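Structure at a glance
Now for the letters of each chain:
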Amino acid sequence: MAINNNVLFALIRYSGLTFIIRKLIQRNKISIVMFHKIEKKDADKSFFLLSKYYNFISLNEFLIAVEKKSEKLLPPYSLIVTFDDGHASNFELLPLFIKHRIKPTIFLCSGIVNTFRHYWFSCTESNLSIKYLNSLSNENKLKELSIFGFYPKKVYEFPQALAKAQICEMKEFVDFQSHTIFHPSLPNCTDAEAQQEITKSKTMLENDFQLKITSFAYPNGDFSEREVEMCKNAGYKCAITVDPGYNSIYSDMFKLKRFSVNDSCKVNELLVKASGLWAFLKMLFPN
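Residues numbered from 1 in each chain as written. Predicted model: local features only at pLDDT ≥ 70, side-chain atom pairs only at ≥ 80, totals over all residues. Heavy atoms only, no water.

What follows deals with the pattern of salt bridges. Where charged atoms of side chains with opposite charge meet at close range, the side chains can pair. Throughout the structure, instances matching the rule amount to twelve salt bridges. Linking K41 and E39 is a salt bridge whose minimum nitrogen-to-oxygen distance equals 3.6 Å. Judged by relative accessible area, K41 falls into the exposed class, the value being 58%. Residue E39 is classed as partly exposed on the basis of its relative accessible area of 48%. Between E269 and K273 there is a salt bridge; the shortest N-O distance is 2.8 Å. Taken together, the residues span about one helical turn, with E269 and K273 both in helix α11 (residues 267–275) at a distance of four residues. Here the two residues E269 and K273 agree in accessibility, since each one is buried. The network of salt bridges with shared partners includes E39, K41 and D42. (Salt bridge = Lys/Arg side-chain N within 4 Å of Asp/Glu carboxyl O. Buried < 20%, exposed > 50% of the residue type's maximum accessible area, 1.4 Å probe, protein only. Helix = DSSP H or I, 4+ residues; strand = E, 2+ residues; numbered from the N terminus.)

Quick look at the structure:
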């Protein structure tokens, strides 16, 4: 008989394994967790829970420690909170960032924020799976989506991403960084497409929003050595993947690891995933 996921996460948490991992591994490492558009009530609970077991630091604090080659600048159990895409609902979390003393990094798609354009993966008219679409070249993916009426620059009745006024209000408390222009799978882009998505997104955010852009997140976590070199040449200091694992000041700064935690995390699920144990178990038992 299959075990309910909630029960499974509870069993894993109370086995003591997450405690052991925190004590033996995470204490001296930098962990990064990824959200997308968690609801405010769930975020309040999640941030409170994480604060009991970790010390929140900003991505910039980590970069400073790397530059100075000093682990002493970082507290034990360091945790960086990130959000991908720049969804409009992220604005509702600003009071919680202040309340819980978190300076998260929100990675923005520069061609979607402050517009009424939509993310391609939210095209509800399409009956095609995200996995299938991500397997196509960027050109063919957009051709497939155009059949359902989606175009990257199509203007809709409502926005999906943060507006400029919201970004300006948040930027004292939030670190905004780059997540390309339109969120393609970069390895499926041509050289010219990938170069533009990586380089132009940086200049757009700097020029249009007066942001200091030093960091990049690969959409879907998809990257190759080509994208790594492009990020370096564009002037980024680091780039973040969705490959599970822990980081240190000696990590490859353009292949930083991150744990994906569900936006509607239950208590046990959140702690198991934030510890890295769930990703490890999935590698051991992929099915």
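All right, on to the side chain of T105 then. Mapped onto the elements, T105 comes out in strand β4 (residues 105–108). Of note is the side chain of T105, whose polar atom sits 2.8 Å from the side chain of D175. With residues near it in sequence (within four places) discarded, T105 still touches L59, V81, T82, F83, D175 and Q177. (Polar contact = N/O pair within 3.5 Å; in protein donor to acceptor, adjacent residues only side chain to side chain. Contact = heavy atoms within 4.5 Å.)

In this section: the packing of helix α9 (residues 191–209) against helix α10 (residues 225–234). At a minimum axis separation of 10 Å, α9 and α10 run at an interaxial angle of 35°. Judged by the sense of rotation from one axis to the other, the crossing of α9 with α10 is right-handed. Here D191, A194, Q195, I198, T199 and K202 of α9 come into contact with α10, specifically with R226, E227, M230, C231 and A234. Residues of the contact of α9 with α10, tallied by class, amount to five nonpolar, two polar and four charged. (Axes fitted to C-alpha atoms, helices over the stretch in contact; angles between N-to-C directions. Left-handed = near helix turned anticlockwise from the far one by under 90°. Nonpolar A, V, L, I, M, F, W, Y, C, P; charged D, E, K, R; others polar.)

Looking now at the packing of aromatic side chains. If you walk through the whole model with that rule in mind, you get eleven aromatic pairs. Judged by centre distance (4.5 Å) and plane angle (50°), the rings of F9 and W278 are tilted. Of the two residues, F9 is situated in helix α1 (residues 5–14) and W278 in helix α12 (residues 277–284); the sequence distance between them amounts to 269 residues. The pair F9 / W278 is uniform in exposure class, with both members buried. Plain terms: the ring middles of F47 and F97 are 6.0 Å apart, the flat faces sit at 40° to each other, and that makes the pair tilted. Of this pair, F47 sits in helix α3 (residues 40–53) while F97 sits in helix α5 (residues 94–99), and the two are 50 residues apart along the sequence. Across the pair, F97 and F47 agree in class, each one buried. What links up through ring pairs into an aromatic cluster is the set F35, F47, F83 and F97. (Phe/Tyr/Trp six-rings, centres within 6.5 Å; stacked < 30°, edge-to-face > 60°.)

Everything listed here is a matter of coordinates, which is why it stays silent on function.
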